[in-house]
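A closer look at the structure
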Amino acid sequence: MALSNVTINLRSGGLSRKSADENNTSGLLIYTTQSISLTGFTLTGGTVLVQSTSDAEITYGITSTNYPVEHFQIEQFFLANPSGKLYVGIFPSASTYTFAEITSMQNFSQGKIRRIGIQMNSFSGITTQVGTIQSICTTLYNSNKPLYVIYCPNTYSTNISSFTDLRSLNSKYVGVFIGQDNSGTGWELASGRSFTVSPIGKLLGFNAKSPVNYNVGWVGGQFDFVTGTENSSLMIGTSSYFNILDATLTTLDSYGYMFLMKRDSSLTGSYLNDMHACTSATDDFAYLVETNVINKSIRNVRTNLISVVNSPITMNADGTISYKDCKYFESLAGTPLDEMLRLGEISNYKVFVDPDQDVLSTSIVNVTVSIQPTATARYIVVNIGFTTTI
């Protein structure tokens, strides 16, 4: 036996320090049929910044007893990403939705939210709602506050054969997440209320903790949605997952829906099929991954270039921009992309300022930024067989 002693073990994490990159900042918008009586909210709703599950409970009074759906989604977010920041908006359900709350939440965050997940309750519409949300996201993009939205409609009573194609909706900033847990707390909450309680909290958390080019459908990327019994069994609409034909899952995937699935009999987990956007499969932004990458690029390049608005530019005698100023603008735009390249979030990039621009007449400096994204291994084809010699 060792000599008597005093042993002091150093612990870490007690200060709850957050990562500096705002990519971990998400929004959760919940429409509730309950009357809203919470600290920081009015009867017509509101938005608060939540930094942990205990913060939601202690600071705002969102507990598993009085607001179980809201608490569940917040808890799932922080299980997936303990260092994340989550703006929570809770608003009354309505007969029609303008989704103006997306704008109010983004403005409340001062443009910091990178993605918003919407948990619907009684409302089941999809097509019209996607178009409305896309319009809001476009307006926010034009206001230099880009984000994307993952919309979770109520599909609790929806027959799986009634889902329609989303690829024709031309809504690159919107993804639709259907289905839910069929064995844990999510199912208990849903069955007691007759509306879908999707795993959107965990999906937001996984997105927030990952580099922007990561697809949360990456099977080996530590994106298993199963925690205990939660999401160990699944359902989509009124159908239990194991009663759904493979051909039906393939159709839903081709229609651009996001849902959890079982990948292989050797795996016990549940994984996202893909990060589809509601736009053509041939669109550059057919997947929310690319939107995530380009939004970060846009934000960071703009942040660097805003410092040179109204700055003087030296001209050559022939009316072209000086080499020094061209390279200065290129360097400003390229610096944040260098960081993304170092992090592996993009493959390559090029910034070019054409010196032959009539800046004296127009006061416009055109900067061309070309980004080569990383690819995604969606399909892996293996040719295998026997041979007489090797």
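Everything that follows concerns the structure shown earlier in this document.
Bear in mind that the values here come from a model prediction, so they are computed numbers and not experimental data.

Some thoughts on the sheet that holds strand E10 (residues 257-258)
Read across the open sheet, the seven strands follow the order E2-E3-E1-E4-E5-E6-E10; overall the sheet is mixed. Where the open sheet ends on each side, the last strands, each with one partner, are strand E2 (46-50) and E10. Of the strand pairs in this sheet, strand E1 (residues 25-32) and strand E4 (residues 115-119) are connected by five bridges, and their pairing is parallel. Among the inter-strand pairings, Leu29 is bridged to a residue of E4, identified as Ile118.

So, unusual backbone geometry
Unusually for a residue other than glycine, Gln110 sits at a positive phi of about 60 degrees. Inspection of the secondary structure puts Gln110 in the loop between helix H3 (100-108) and E4. If you check the backbone angles, Asn170 has positive phi at about 50 degrees while not being a glycine. In this structure, Asn170 sits in the loop between strand E5 (148-152) and strand E6 (174-177).

Some thoughts on the nonpolar core
Soluble globular proteins tend to bury their nonpolar side chains together. By size, the foremost hydrophobic cluster in this structure holds 76 residues, and its most contacted members are Phe99, Ile102 and Ile118. Once residues within four sequence positions are removed from consideration, Ile102 is found in contact with Leu29, Ile116, Ile118, Ile133, Ile136, Leu140, Leu147 and Val149. Membership of the second largest hydrophobic core comes to eight residues, among which are Val212, Met340, Ile346 and Val351.

Criteria and cut-off values
- Residues numbered from 1 in each chain as written.
- Predicted model: local features only at pLDDT ≥ 70, side-chain atom pairs only at ≥ 80, totals over all residues.
- Heavy atoms only, no water.
- Pairing = 2+ DSSP bridges.
- Helix = DSSP H or I, 4+ residues; strand = E, 2+ residues; numbered from the N terminus.
- Core = buried A, V, L, I, M, F, W, Y, C linked by side-chain atoms within 4.5 Å.
- Buried < 20%, exposed > 50% of the residue type's maximum accessible area, 1.4 Å probe, protein only.
- Contact = heavy atoms within 4.5 Å.

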